[in-house]
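# Geometric and topological summary
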Amino acid sequence: MTDTTIKFTRGVPPVEAFPTERIEECACSVLKTHGDVVLQYGKSGGFPPLRAHIAAETGVDVSRVIVGQGSLQLLDLTARMLVEPGDVVYVEAPTYDRTLTALRRAGAQVVGIPLEEDGPDLALLEARLAGGERPLFFYLIPDFQNPSGTVLSAAKRARIAALAREYDFWLLEDVPYRRLRYRGESLPTFFDLAPERTLQMSSYSKLLSPGLRVGYIVTPEPLAGPLAKMAEDTYINASYFNQAIVYDFIRRGWLDPHIEELKALYAPRLAALLAALEAHCGELGTWRRPAGGFFVG
């Protein structure tokens, strides 16, 4: 009997979202064109053409881009590189559960800043900072947050960026859902607002395939070399083969049209979920009505 259960517990793309035939074509092309490179050890920063593409997209030197085995691996490396036992790290409350695991494993004292409708509670955040608490960094998912679906407002983004400068803490910005906006206009990222204080992470997991395990981080210049060295000492390099598949998909001009296909697939599902919640749970609770991403909370 076919299992028709729809699981709402994690942000997992449906199999019909995968461009399987195109990924197969890219894999064959990569082996023919770059087989001697992608089947060999490489530098820890990642497959050079993909690094160069990300650097051009973000307007940074390629040395500041590190491509890893999913962005979670890069978050874990960053935490282990930066955190000393007992260091305070801020997160949104609630936040991605595996981030909490990685931060606590690194020895961080994790402090949750409660989410309001438009992002973290700034009054509480400013009170903690004014009281003398000094976080090492603030981990944020500003666009279609996991698990709440919250979009951080432009005003709060600007204020948090200013506080990072004033109180000298890093912003660890996670933006894997940003391009899955179904309506409305995009807001500036923390990387746009405070590039010298921001480490920006993203991933191709929600755009192409989680199984490829291709994510990346763009770091401020002082952190790039140490993080690349930590990656090298941990796993030498993440899979160049998978990274080259992603690059070939982009090179062929397929990514942007595919993202539009994903929006056409996901937007009606979000509308159906919100309608069902209203019809069947309207008197039981409240929830956000996100304009994109994977989550309603």
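Residues numbered from 1 in each chain as written. Predicted model: local features only at pLDDT ≥ 70, side-chain atom pairs only at ≥ 80, totals over all residues. Heavy atoms only, no water.

Another aspect to go through is the environment of Pro210. Mapping Pro210 onto the fold places it in the loop between strand 7 (198–203) and strand 8 (215–218). Note on Pro210: relative accessible area 23%, which makes it partly exposed. Distance from Pro210 to Val151, taken between C-alpha atoms, is 23 Å for residues 59 residues apart in sequence. Leaving out residues up to four positions away in the same chain, Pro210 has contacts with Pro13, Phe18 and Ser205. (Helix = DSSP H or I, 4+ residues; strand = E, 2+ residues; numbered from the N terminus. Buried < 20%, exposed > 50% of the residue type's maximum accessible area, 1.4 Å probe, protein only. Contact = heavy atoms within 4.5 Å.)

Another point: the packing of aromatic side chains. Counted by the stated rule, this structure contains 9 aromatic pairs. Among the aromatic residues, those joined into a cluster by ring pairs are Tyr177, Tyr266, Phe294 and Phe295. A cation over a ring is seen here: Arg197 above Trp170, with NZ or CZ 4.2 Å from the ring centre. Its guanidinium or amino end placed over the ring of Phe294, Lys206 lies 5.8 Å from that ring's centre, counting from NZ or CZ. (Phe/Tyr/Trp six-rings, centres within 6.5 Å; stacked < 30°, edge-to-face > 60°. Lys NZ or Arg CZ within 6 Å of the ring centre and 35° of its normal.)

Glancing now at the sheet that holds strand 6 (residues 170–174). Across the sheet, which stays open at both edges, the 8 strands sit in the order 1-8-7-6-5-2-3-4 with mixed pairing between neighbours. Each of the sheet's edge strands pairs with one partner strand only, and the pair in question is strand 1 (65–68) and strand 4 (119–120). (Pairing = 2+ DSSP bridges.)

Before going further, it helps to spend a moment on the pattern of salt bridges. Considering all chains together, one arrives at 17 salt bridges under this definition. Across the pair Arg128 and Glu133 runs a salt bridge whose closest N-O atoms are separated by 2.6 Å. A relative accessible area of 30% means that Arg128 is categorised as partly exposed. Overall, the relative accessible area of 19% leaves Glu133 in the buried class. Within the structure, one salt-bridge network assembled from shared partners comprises Glu25, Asp248, Arg251 and Arg252. (Salt bridge = Lys/Arg side-chain N within 4 Å of Asp/Glu carboxyl O.)

As a further point, take helix 10 (residues 255–281). Every α-helix winds through 3.6 residues per turn, so residues three or four apart in the chain are directed the same way. Across its 27 residues, helix 10 extends 37 Å between first and last C-alpha, which sits within 8% of the 39 Å expected from 1.5 Å per residue. By the burial criterion, the buried members of helix 10 are Leu255, His258, Ile259, Leu262, Tyr266, Leu270 and Leu274. Of the surrounding elements, those touching the buried residues of helix 10 are helix 9 (240–251). (Expected span 1.5 Å × (residues − 1).)

This part is about the side chain of Asp143. Inspection of the secondary structure puts Asp143 in the loop between strand 5 (137–140) and helix 6 (154–167). On the basis of relative accessible area, Asp143 is assigned to the buried category, the value being 2%. At a separation of 2.8 Å, a polar atom in the side chain of Asp143 contacts the side chain of Arg157. A polar side-chain atom of Asp143 sits 3.0 Å from a polar atom in the side chain of Arg178. Here Asp143 is in contact with Thr150, Val151, Arg157, Val175, Tyr177 and Arg178, once residues within four sequence places are set aside. (Polar contact = N/O pair within 3.5 Å; in protein donor to acceptor, adjacent residues only side chain to side chain.)

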